[in-house]
Amino acid sequence: MIDIGVNINHRFFLDDLDKTLADMQEMGVKGMICIASDLEESQQVQALSQSYSAIWNTLGCHPHQAKTWNTESKTRLSALIKDSRPVAIGETGLDFNRNYSTANEQFYAFHEQIELATEHQLPLYLHERDAHKEMIDILKQHPDLARKSVIHCFTGSQLELDKYLELGLFIGITGWVCDERRGADLQASIPHIPLDRLLIETDAPYLLPRTIRPRPKKNHPKYLPWVAQEVARLKGISVEELTKITTNNTQTVFGILT
């Protein structure tokens, strides 16, 4: 299996990256996609993917960091793409929950990254919180791009899921699905996700699956099997079948060769 979402820019991972990768692979997770949140992190994860065959990377600007996006950002990211092609543009999108960047800053950065993805024929790696309608309205203007893009860390209702599936998005599921306190809506939505749209991720070091015993302090890509087990249970299929399907989907949407 492949973890489609790891926030690698933490000492927890980077102080001994070789051990991070070895621990991950020992648990049957053969690779991970490291997510970029701004230009600096884009450069960092690009360098890591060039050094480690088990790492792939995105390039982009998270909506929290949209305030850092400027008139030079698109050109600078385009140069990085030409230097070493990422698997997606992002993590980009809209987040009106915490509003670390204004709505206008987020719209500006999002639209420019949509242009980048279109120009370079790459999928979008999407983040959305409390901005579902706005996200849908924008993606409807780019139907071809939406059909090959990913909504990362989906935690919403079946109604929201249906809207994303109508656009043809791939759906990334995290350890939120293992949370008995907050995950009820997501658990109810899992049976309605077509197998050919399903992806799994940890979003490590966040969203630790609460089914792990004894419970670690931080999430890690090596804990992806716990996500797979819960999603497989909810889909009524074996973990082996789920792993095969989600790995194939990951290879398809991100153009990964393993």
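The model shown is predicted, which means the values in this text are computed figures rather than measured ones.

J.: Requested: an account of the side chain of Glu91, with residues and values cited.
T.: With respect to the secondary-structure elements, Glu91 resides in strand β4 (residues 88-95). What Glu91 contacts, discounting residues up to four positions off in sequence, is Ile35, Ala36, Thr58, Cys61, His62, Pro63, Tyr125, His127 and His152.

J.: So what's going on with the packing of aromatic side chains? Which residues, and what values?
T.: Aromatic ring pairs: the centre-centre distance and the angle between the two ring planes describe each pair. Considering all chains together, one arrives at five aromatic pairs under this definition. Ring geometry for Tyr223 against Trp226: centres 5.7 Å apart, planes inclined by 80 degrees, an arrangement best described as edge-to-face. Residue Tyr223 is classed as buried on the basis of its relative accessible area, which comes to 13%. Above the face of the Trp176 ring, Arg182 is positioned so that its terminal group lies 4.1 Å from the ring centre. The ring of Phe170 has Arg197 sitting right over it, with the charged end atom 3.8 Å from the ring centre.

J.: How would you summarise helix α6 (residues 132-139) if you had to cite specific residues and measurements?
T.: Listing the buried residues of α6 in full gives His132, Met135, Ile136, Ile138 and Leu139. Buried residues in α6, looked at end-on, bunch into an arc of 165 degrees, giving them a common side. On the buried face of α6, the contacting elements are β4, α5 (103-120), β5 (124-129), α7 (143-146) and α8 (158-167).

J.: An account of the pairing of strand β7 (residues 170-173) is requested, with residue identities and associated values reported.
T.: Of the two faces of β7, the one lined by Phe170 and Gly172 and the one lined by Ile171 and Ile173 are each fully buried. In terms of strand pairing, strand β6 (residues 150-151) meets β7 through two bridges, oriented parallel. Paired with Val150 across the bridge in β7 is Phe170. Following the chain from β6 across α8 to the adjacent parallel β7, one finds a crossover that is right-handed.

J.: Now, about the nonpolar core: what can you tell me, with residues and values included?
T.: Judged by nonpolar contacts, the single largest core of 66 residues is most densely connected at Ile171 and Ile173. By residue number, the principal contributor to this core is helix α10 (residues 224-235), which donates six residues. When residues no more than four places from it in sequence are discounted, the contact partners of Ile173 are Phe154, Leu186, Ile190, Ile193, Leu198, Leu199, Ile200, Glu201, Val227 and Val231. Among the nonpolar cores identified, the runner-up in size contains 14 residues, and Ile2, Trp56, Val87 and Val150 belong to it.

J.: Can you tell me about the sheet that holds β4, naming the residues and giving the values?
T.: Ordered in space as β1-β2-β3-β4-β5-β6-β7-β8, the eight strands form an open sheet in which the pairing is parallel. The open sheet has two free edges, formed respectively by β1 (2-6) and β8 (198-200), since each of these has just one partner strand. Its contacts with the sheet put helix α11 (residues 239-254) on β1, β2 (31-34), β4, β5, β6, β7 and β8, and the angle it makes with β8 is roughly 100 degrees.

J.: How would you summarise the side chain of Thr250 if you had to cite specific residues and measurements?
T.: Mapped onto the secondary structure, Thr250 falls in helix α11. Setting aside its immediate chain neighbours within four residues, Thr250 contacts Ile2, Ile4, Leu199, Gly255 and Ile256.

Cut-offs and rules
- Residues numbered from 1 in each chain as written.
- Predicted model: local features only at pLDDT ≥ 70, side-chain atom pairs only at ≥ 80, totals over all residues.
- Heavy atoms only, no water.
- Helix = DSSP H or I, 4+ residues; strand = E, 2+ residues; numbered from the N terminus.
- Contact = heavy atoms within 4.5 Å.
- Phe/Tyr/Trp six-rings, centres within 6.5 Å; stacked < 30°, edge-to-face > 60°.
- Buried < 20%, exposed > 50% of the residue type's maximum accessible area, 1.4 Å probe, protein only.
- Lys NZ or Arg CZ within 6 Å of the ring centre and 35° of its normal.
- Arc of directions from axis to C-beta.
- Pairing = 2+ DSSP bridges.
- Right-handed = clockwise from strand over helix to strand, strands pointing away.
- Core = buried A, V, L, I, M, F, W, Y, C linked by side-chain atoms within 4.5 Å.
- Axes fitted to C-alpha atoms, helices over the stretch in contact; angles between N-to-C directions.

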